[in-house]
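What the coordinates show
The residues making up each chain are set out below.
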Amino acid sequence: MKIYEIGINLTKIVGCIVTWDNHIRDFYSVDASSYKLRPQVITFPRNEDDVIKIIRFAKKHHIPVTPRGGGTGLVGSALGKGIILDMRNFNKIKIGKNHATVGSGVYKGHLDKILQKHGRFVGPDPSIGPFCTIGGMIGNNSSGIHSLKYGSVIDNLIEVTIVNSVGNVTRLPNMHHMIKSNISHDVIKSFPMVSKNSCGYRIDKILSEKDVHKLIAGSEGTLGIITSAKLRTYRIPKSKALCIIHYKTLRQAAIDSVKILSLKPAALEAIDNNITRHIKIKVPNSGCLIFAEFDNDIKHNIKQIQKIATGKIIKIESDKDNIRKLWSFRNSALAFSLKSITKKETMPTLIEDSVVPVKRLPLLLDMLDMIRKKYHLRTIVYGHIGNGNLHIRPVLEHKDISKIQKIATEFFTGVISIGGSITGEHGDGLARSEFVKTQYGDKTYSVFRNIKKQFDPQNILNPGKIISDKKTMIKNLKI
Ligand SMILES: Cc1cc2nc3c(=O)[nH]c(=O)nc-3n(C[C@H](O)[C@H](O)[C@H](O)COP(=O)(O)OP(=O)(O)OC[C@H]3O[C@@H](n4cnc5c(N)ncnc54)[C@H](O)[C@@H]3O)c2cc1C
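Here we summarise the structure given alongside this text. This one's a predicted model, so the numbers in the text were calculated from it and none came from an experiment.

**Observations regarding the sheet that holds strand β14 (residues 288-294)**
Taken together, seven strands build an open sheet; the order of strands is β15-β12-β14-β13-β17-β18-β16 and the sheet is antiparallel. Since the sheet does not close on itself, it has two edges, and those belong to β15 (312-317) and β16 (345-346), each with one partner. Alignment of strand β12 (residues 241-247) against β15, held across five bridges, turns out to be antiparallel. Its bridge partner being in β15, L242 is matched across the sheet by E317.

**Regarding the environment of N47**
Relative to the elements of secondary structure, N47 occurs in the loop between β2 (41-44) and α3 (48-61). Judged by relative accessible area, which is 30%, N47 ranks as partly exposed. For N47 and N91, which are 44 residues apart along the polypeptide, the C-alpha to C-alpha distance reads 10.0 Å. Here D50 takes part through its backbone nitrogen, which lies 2.9 Å from a polar atom of the side chain of N47.

**Considering helix α1 (residues 3-13)**
Of the residues making up α1, those classed as buried are I6, G7 and L10. Buried residues of α1, viewed axially, fall in a sector of 95 degrees; they line one side. Looking at the buried residues of α1, the elements they touch are β1 (17-19), β2, α3 and β4 (83-86).

**Thoughts on the pattern of salt bridges**
Oppositely charged side chains are able to pair whenever their charged atoms sit close together. Scanning the entire structure with this criterion turns up 26 salt bridges. Close ionic contact of K108 with D112 constitutes a salt bridge, the shortest N to O distance being 3.0 Å. Of this pair, K108 and D112 both sit in helix α4 (residues 108-117), four residues apart, which is roughly one turn of that helix. Residue class for K108 comes out buried when judged on its relative accessible area of 5%. Looking at D112, the relative accessible area reads 26%, which means it is partly exposed. Between D369 and R372 there is a salt bridge, with its nearest N and O atoms 2.4 Å apart. With a gap of three residues between them, D369 and R372 both fall in helix α13 (residues 361-374), about one helical turn apart. Through salt bridges with shared partners, one network takes in E397, K399 and D400.

**Some points on helix α17 (residues 442-455)**
In this model, α17 (14 residues) spans 20 Å end to end at C-alpha, consistent with the 20 Å of a helix rising 1.5 Å per residue. Buried within α17 are the following residues: T444, Y445, V447, F448, I451, K452 and F455. Along the axis of α17, the buried residues cluster in a sector spanning 155 degrees; they form a single face. Along α17, exposed side chains directed more than 90 degrees from the buried face belong to D442 and K453. On the buried face of α17, the contacting elements are β8 (157-163), α7 (185-189) and α16 (436-440).

**A few points about the site of the ligand**
As a matter of local geometry, the ligand sits amid 35 residues, with P67, G70, T72, T133 and S142 nearest to it. Here an oxygen atom of the ligand and a side-chain polar atom of S142 are 2.7 Å apart. The fraction of the free accessible surface of the ligand (980 Å²) that becomes covered by protein chains is 96%. Mapped onto the shell around the ligand, the elements with two or more residues apiece are β3 (65-68), α5 (134-140) and β10 (225-232). Residue contributions to the shell around the ligand peak at five residues, all from α5. Looking at the shell around the ligand, its residues break down into 12 nonpolar, 20 polar and three charged.

**Digging into the packing of helix α8 (residues 250-261) against α13**
Two elements in contact, α8 and α13, have axes whose closest approach is 9 Å; the angle formed by their N-to-C orientations is 165 degrees. Classified by the angle their axes make, α8 and α13 are roughly antiparallel. Where α8 crosses over α13, the two elements pack in a sense that is right-handed. Contacts from L250, R251, A254 and I255 in α8 reach L361, P362, L365 and D366 in α13.

**What to know about empty space enclosed by the protein**
Think of a ball as big as a water molecule: rolled over the atoms, this probe shows where empty space is left. For the coordinates displayed, the defined rule picks out two cavities of 30 Å³ or more. By volume, the largest cavity amounts to about 40 Å³. V122, P124, M137, V153, N156, L231 and R232 together form the lining of the largest cavity. Residues of the lining of the largest cavity, tallied by class, amount to five nonpolar, one polar and one charged. The computed volume of the second largest cavity comes to approximately 30 Å³. Surrounding the second largest cavity, I351, L368, I371, L377, T379, I392, P394, I407 and F411 form its lining. Residue composition of the lining of the second largest cavity, grouped by class: eight nonpolar, one polar and no charged.

**Here we look at the packing of aromatic side chains**
As enumerated under the stated definition, the model contains 13 aromatic pairs in all. Centre to centre, the rings of F27 and Y28 are 5.2 Å apart; their planes meet at 70 degrees, and the pair counts as edge-to-face. Of the residues examined, Y28 reaches a relative accessible area of 3% and is grouped as buried. With 4.5 Å between their ring centres and 45 degrees between their planes, F191 and Y440 make a pair best called tilted. Within this pair, whereas F191 is found in the loop between α7 and β10, its partner Y440 is found in helix α16, the two being separated by 249 residues in sequence. A relative accessible area of 5% means that F191 is categorised as buried. What makes Y440 buried here is its relative accessible area of 5%.

**Considering the nonpolar core**
Grouped together as the largest cluster of nonpolar side chains are 95 residues, with contacts concentrated most on I203, L364, I385 and F411. In this view, F411 contacts I351, S354, L364, M367, L368, I371 and I392; residues no more than four positions away in its chain are not counted.

The rules behind these values
- Residues numbered from 1 in each chain as written.
- Predicted model: local features only at pLDDT ≥ 70, side-chain atom pairs only at ≥ 80, totals over all residues.
- Heavy atoms only, no water.
- Pairing = 2+ DSSP bridges.
- Helix = DSSP H or I, 4+ residues; strand = E, 2+ residues; numbered from the N terminus.
- Buried < 20%, exposed > 50% of the residue type's maximum accessible area, 1.4 Å probe, protein only.
- Polar contact = N/O pair within 3.5 Å; in protein donor to acceptor, adjacent residues only side chain to side chain.
- Arc of directions from axis to C-beta.
- Contact = heavy atoms within 4.5 Å.
- Salt bridge = Lys/Arg side-chain N within 4 Å of Asp/Glu carboxyl O.
- Expected span 1.5 Å × (residues − 1).
- Near = heavy atom within 4 Å.
- Areas by Shrake-Rupley, 256 points an atom, 1.4 Å probe, with all protein chains shown as cover.
- Nonpolar A, V, L, I, M, F, W, Y, C, P; charged D, E, K, R; others polar.
- Axes fitted to C-alpha atoms, helices over the stretch in contact; angles between N-to-C directions.
- Parallel < 35°, antiparallel > 145°, perpendicular 65-115°, else oblique.
- Left-handed = near helix turned anticlockwise from the far one by under 90°.
- 1 Å grid on protein atoms, 1.4 Å probe; cavity = no way out; pocket = protein on both sides within 12 Å on 5 of 7 lines; lining within 4 Å.
- Points joined across faces, edges and corners; volume = space filled by probe spheres on them.
- Phe/Tyr/Trp six-rings, centres within 6.5 Å; stacked < 30°, edge-to-face > 60°.
- Core = buried A, V, L, I, M, F, W, Y, C linked by side-chain atoms within 4.5 Å.

Structural data, given as structure tokens:
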């Protein structure tokens, strides 16, 4: 079917905006990732009825459907070549005692403001801050700085409502929706023992039928279109303290992190010297910083960290506004790292967000050193060191971009061999779906395939993400 025919036919059956204007198609061809993929038609469903009609139409004509939130994903998971569902109109919020029921198109920043009035917050807090949506956060199983204490989305998801691939509305968990696959002990054992993981379908978290909704966390729009979700909320801590420590090397910071974790910080983050040299905190010569935040037993923990840390403590801050300002240096790490590259260079968001057990971070850093030397590569590193989850950005000259496939394959193989996951929070998308089988092995991958078939037998929901027989890492790169 031609693009304008899809558009005109959809316009006839739904009441929402449907567009195939070339400029708007260009806009939806990109997200925050390094990819570009042009969709045919963009829709803005107003309610579940619109979503149902769009899904049934797509199913009938075998057109791929990709849901999209804020488009801040870094691995191309919200890009698709068929119909895009921009979920911004799903914007209702209902605040409960210890939870919030939220439309999937609600921007995190909007929810934060409303929850703040109730003295509450949601745990996972991606550094992109206000600009991501609840649907996108669930789609990627996002996390953030405070996930060390409060978990990723999967740990905070109580219920989720989806429109499935045949156009029915289902609220999960429900007794009728069990996974009809054999999740054997071997399959569970193929999951790495890490604190966060956004690779594949998280069947390791499904211990009974009460957990089936968790499958949607990290499913990247491949199992259903989320219309709303019930998320756990927490009371805003009365007081906090942030301690900033300088280390000569990231390796030293990683070794110390294991000790600092014994104090149960709410957050433990790191930035390397590519970032520290651009921020307004005085850092001795070069080296990296770690940020440790405590929100309980503060006096004791600050005393203890002064005893434990082998790095130099350069700041201890307890004023909430100042703490927020200091965190902005860490939250803007991606923007600061861009200041560290030249016009000739690029920093593809492909390797991204591997996670290993914290004790094995020195091994990860050694492996990175080897790769750096082998490929004469510079890297920028920052992230959630307390989770063993580092953002690693290779810096390459544009002309060398084709090397990235080799570098990534070597890096991911190394991560898996030291017991890690290739993605702790950003998901598989176009960048990593081809590596999901390598991560888990054939048996677990065939369970994933089965799950996808049960939820989406015609493969219309964001096809090519998570389950992929094709190599997608290089294909649609825009750089
Ligand atoms: C500067 C920067 C910093 C970041 N920091 C972090 C961080 O600290 N932690 C972190 O986890 N991530 C981080 N990210 C990545 C990204 O922002 C998060 O993953 C975010 O939660 C994505 O939300 P979104 O609304 O933009 O989703 P999108 O990018 O629009 O979509 C993400 C995925 O969810 C699916 N999806 C969207 N809506 C729905 C729906 N209604 N139903 C079903 N599926 C849906 C999409 O199809 C796609 O697969 C960062 C990104 C940037 C640019």
